[in-house]
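Commentary on secondary and tertiary structure
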Amino acid sequence: MKIVLQRCQQASVSVDGKIVGRIERGLVALIGIGHEDTEATASALADKTAGLRIFADDNGKMNRNVIDAGGDVLAISQFTLLADCRKGRRPAFTDAAPPDRANELYEHYVSELRKTGLSVPCGIFAADMAVSLTNDGPVTIILEL
């Protein structure tokens, strides 16, 4: 499982020109799921996402997590994070989990985040989405297990 987290001032995701998810301050989580991933992987990365201290405290140090900062998480599935570009010029996506399994683990990740009390609006799994965000910092972190 690979997750790209972007700390943001605001973000939204649209499908067919209609906004389906929006947050103000918080994190955009782009989530790629591979063949080897399990519910345990998704749970561990949800815990890491919620607890990662990448928001500034009163002294300007990155000591707060998204919950402490009063933020939300916009969760967006993105199988292209599993692209293998080592050979040729066309990415191979053979490392990505089949859609049914990937959707199950994506939903599990979102559910685990919501158990922390976070608001977690989402994109639409497997849809063609347009993502808009104002990256704050910029801070971009890659999580993998």
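Above this text you will find the structure in question.
The shown structure was predicted, so the numbers you read here are calculated from the model rather than taken from an experiment.

Side note on the layout of surface pockets
Space inside the largest pocket adds up to approximately 370 Å³. Going through the elements one at a time, strand E3 (26-32), strand E6 (72-77), helix H2 (99-115) and strand E7 (129-144) are the ones with two or more residues in the lining of the largest pocket. When residues in the lining of the largest pocket are grouped by element, the largest group, 3 residues, is from E3. Classifying every residue of the lining of the largest pocket gives 14 nonpolar, 4 polar and 1 charged.

Considerations on the pattern of salt bridges
A full pass over the atoms with the stated rule returns 7 salt bridges. For Glu39, the salt bridge identified is with Arg101, shortest N-O distance 3.1 Å. Taken together, the residues Glu39 in helix H1 (residues 39-51) and Arg101 in helix H2 connect sequence positions 62 residues apart. For Glu39, a relative accessible area of 36% corresponds to the partly exposed category. Salt-bridge contacts for Glu112 lead to Lys115; the nearest nitrogen and oxygen are separated by 2.8 Å. Within this pair, Glu112 and its partner Lys115 are both found in helix H2, separated by 3 residues, close to a single helical turn. A relative accessible area of 62% places Lys115 in the exposed class. Connected through salt bridges with shared partners, the residues Glu39, Arg101 and Glu104 form a single ionic network.

Points about the nonpolar core
Ile3, Ile31 and Tyr109 are the most contacted members of the largest nonpolar core, which has 30 residues in total. If you list the elements that add at least two residues to this core, you get strand E1 (2-15), E3, H1, E6, H2 and E7. Ranked by the residues each element gives to this core, the list is headed by H2, at 6 residues. If we skip the residues at most four places from it in the chain, Ile3 touches Ala29, Leu30, Ile31, Leu45, Thr49, Tyr109, Ile141, Ile142 and Leu143.

Things to note about the packing of H1 against H2
Taken N-terminus to C-terminus, the directions of H1 and H2 make an angle of 40°; their axes are 8 Å apart at the nearest point. Relative to H2, the crossing made by H1 is right-handed. Of the residues in H2, those touching H1 at Glu39, Ala42, Ser43, Leu45, Ala46, Thr49 and Ala50 are Arg101, Leu105, His108, Tyr109, Glu112 and Leu113.

Brief notes about unusual backbone geometry
Each neighbour pair has its own omega, and for Gly137 with Pro138 the value is -5°, a cis peptide bond. With respect to the helices and strands, Pro138 occurs in strand E7. Phi at Asp16 takes a positive value of approximately 55°, unusual for a residue other than glycine. Summarising the element assignment, Asp16 is placed in the loop between E1 and strand E2 (18-23). The phi torsion at Ala126 lies on the positive side, around 70°, for a residue other than glycine. Mapped onto the secondary structure, Ala126 falls in the loop between H2 and E7.

Here we look at the packing of aromatic side chains
Enumeration according to the criterion identifies 2 aromatic pairs in this entry. Aromatic side chains Phe79 and Phe93 sit 5.0 Å apart centroid to centroid with 65° between the ring planes, which places their arrangement in the edge-to-face category. With Phe79 in the loop between E6 and H2 and Phe93 in the loop between E6 and H2, the pair connects residues that are 14 residues apart, well separated along the chain. According to the relative accessible area criterion, Phe93 is partly exposed, its value standing at 32%. Seen from their ring centres, Tyr106 and Phe125 are 5.9 Å apart, and the 40° between their planes marks the pair as tilted. One end of the pair, Tyr106, is in helix H2; the other, Phe125, is in the loop between H2 and E7, with 19 residues separating them in the sequence. Since its relative accessible area comes to 1%, Tyr106 is described here as buried.

Conventions and cut-offs
Residues numbered from 1 in each chain as written. Predicted model: local features only at pLDDT ≥ 70, side-chain atom pairs only at ≥ 80, totals over all residues. Heavy atoms only, no water. 1 Å grid on protein atoms, 1.4 Å probe; cavity = no way out; pocket = protein on both sides within 12 Å on 5 of 7 lines; lining within 4 Å. Points joined across faces, edges and corners; volume = space filled by probe spheres on them. Helix = DSSP H or I, 4+ residues; strand = E, 2+ residues; numbered from the N terminus. Nonpolar A, V, L, I, M, F, W, Y, C, P; charged D, E, K, R; others polar. Salt bridge = Lys/Arg side-chain N within 4 Å of Asp/Glu carboxyl O. Buried < 20%, exposed > 50% of the residue type's maximum accessible area, 1.4 Å probe, protein only. Core = buried A, V, L, I, M, F, W, Y, C linked by side-chain atoms within 4.5 Å. Contact = heavy atoms within 4.5 Å. Axes fitted to C-alpha atoms, helices over the stretch in contact; angles between N-to-C directions. Left-handed = near helix turned anticlockwise from the far one by under 90°. Phe/Tyr/Trp six-rings, centres within 6.5 Å; stacked < 30°, edge-to-face > 60°.

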